[in-house]
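So you can see what is in the structure, the chains are spelled out below.
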Amino acid sequence: MKEKIKKSIKVAQLYYLENKSLTAISKQTHMSVATASRLLQYARDVGVVKIEISNPYFSAQELTETLSDYYHCPIQVVPNLYGNAVNPLDSTGIYVANYLREAVHPHDILGIGWGKTIKAIADHLLDYPQTDVQVVQLKGHASLSAADNYAMTGINAFGRAFHTQANFLPLPTIFDTAETKTLVEKDRYIRQILDLGRKANIALYTVGSVKQNALFFQLGFLTPEEIETLQTEAVGDIVSRFFDKNGQIDSPGLDDRTVGISLADLKQKERRILVATGSRKVVAFDIAVRTGHCTEAIIDEQLGQALLDLMEVHSDANG
């Protein structure tokens, strides 16, 4: 795996930084053009190469208005460099951290997911004056690999910001069997945390893609066969519940082994704030919003531009 990544980096550098053709790369590296092409695609898939296209004709405000209109859902597009951040993820994190000052009120229960997006928000949280706010994890967080899912970092930061005890769910996101999950959930403490997650009136979470470099696929919960099936049939996940192009659970057997609130639980919440960045999430985000999995969304300009392009594709397809 490491050798393949090294080769893909070399090909990507020659192609993007030195503007060499695949034929020239083939001759220089003594590999076939087809192999060089596959390595270039692999570099994109695993995140070695990240392509960002900026449309100068649409500002963040125009994207906000256009997308909110199109989806019939408030969608805030965060401008690049918002808060003097150096990247879109931090810009979005700063915006959401500021937004929470008005979004969360005394006596609210705030349920949060985990991952890089939630960590970006956690890194920029303020000191919030609201009283008697509870924060709780919406899904299990224990990982089976060395990869960091930022779950504890996130929940503890939220606890400190709201001057409250962080309620974390000390279980794997997915158990090996549904029977084991059912048995563990009968524990009184675990049941209390799960119930608090269901009672949360505000949910703050992201949407995951099914790309090869998706964080969830690096945590050791799924077999290679399960990952391959999800990449073929699912479009993304919300709180680790994988859904298809219709917004329905893609793999019921896998879903039965997953710890945390269900998509049905999520839809019952008064406010469902979906935060996402990056064009790789465009399809998953589009389906999530279309199928009512959020009441509002906050995204970066890159995802906003990708959604605008997708709107045009849908428009052309519908005549």
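In this report, the structure presented in the accompanying data block is examined. (Residues numbered from 1 in each chain as written. Predicted model: local features only at pLDDT ≥ 70, side-chain atom pairs only at ≥ 80, totals over all residues. Heavy atoms only, no water.)

1. A short note on the sheet that holds strand β4 (residues 166–167)
Link 1 in the chain: Taken together, the seven strands give an open sheet; going across it, the order is β1-β10-β9-β5-β2-β3-β4, and neighbouring strands pair in parallel fashion. Two strands bound the open sheet, and with one partner strand each, they are β1 (75–78) and β4.
Link 2 in the chain: Summarising the sheet, strand β2 (residues 109–112) and strand β3 (residues 134–137) pair through four bridges and their orientation is parallel. Bridging from a neighbouring strand, I109 pairs with Q134 of β3.
Link 3 in the chain: The sheet contacts of helix α7 (residues 151–161) involve β2, β3, β4 and β5 (202–205), and relative to β3 the element is tilted by about 170°. (Pairing = 2+ DSSP bridges. Helix = DSSP H or I, 4+ residues; strand = E, 2+ residues; numbered from the N terminus. Contact = heavy atoms within 4.5 Å. Axes fitted to C-alpha atoms, helices over the stretch in contact; angles between N-to-C directions.)

2. Side note on the environment of S209
Link 1 in the chain: Along the polypeptide, S209 turns up in the loop between β6 (207–208) and α10 (224–233).
Link 2 in the chain: For S209, a relative accessible area of 8% corresponds to the buried category.
Link 3 in the chain: In contact with S209, not counting residues within four places along its chain, are A214, V235, G236, D237 and R280.
Link 4 in the chain: In terms of polar contacts, S209 uses its side chain to reach the backbone amide nitrogen of K211, at 3.2 Å. (Buried < 20%, exposed > 50% of the residue type's maximum accessible area, 1.4 Å probe, protein only. Polar contact = N/O pair within 3.5 Å; in protein donor to acceptor, adjacent residues only side chain to side chain.)

3. A word on the sheet that holds strand β8 (residues 241–243)
Link 1 in the chain: Taken in spatial order, the three strands of this open sheet run β6-β7-β8, and their pairing is antiparallel. The open sheet has two edge strands with one neighbour each: β6 and β8.
Link 2 in the chain: In terms of strand pairing, β6 meets strand β7 (residues 236–238) through two bridges, oriented antiparallel. Residue pairing in the sheet places V207 in a bridge with I238 of β7.

4. Quick word on the pattern of salt bridges
Any two side chains of opposite charge can pair if their charged atoms end up close together.
Link 1 in the chain: Summed over all chains, the structure comprises eight salt bridges.
Link 2 in the chain: Note that E226 is salt-bridged to R257, the shortest N-O span being 2.9 Å. Here E226, found in helix α10, pairs with R257, found in the loop between α11 (252–256) and α12 (263–267); they are 31 residues apart in sequence, far enough to count as distant.
Link 3 in the chain: Residue E226 is classed as partly exposed on the basis of its relative accessible area, which comes to 22%.
Link 4 in the chain: Here E296 makes a salt bridge to R271, at a shortest N to O gap of 2.9 Å. A residue pair is termed long-range when its members are at least 10 positions apart, and E296 in strand β10 (residues 296–300) and R271 in strand β9 (residues 271–276) qualify at 25 residues.
Link 5 in the chain: Through salt bridges with shared partners, a single network forms among D195, R198 and D265. (Salt bridge = Lys/Arg side-chain N within 4 Å of Asp/Glu carboxyl O.)

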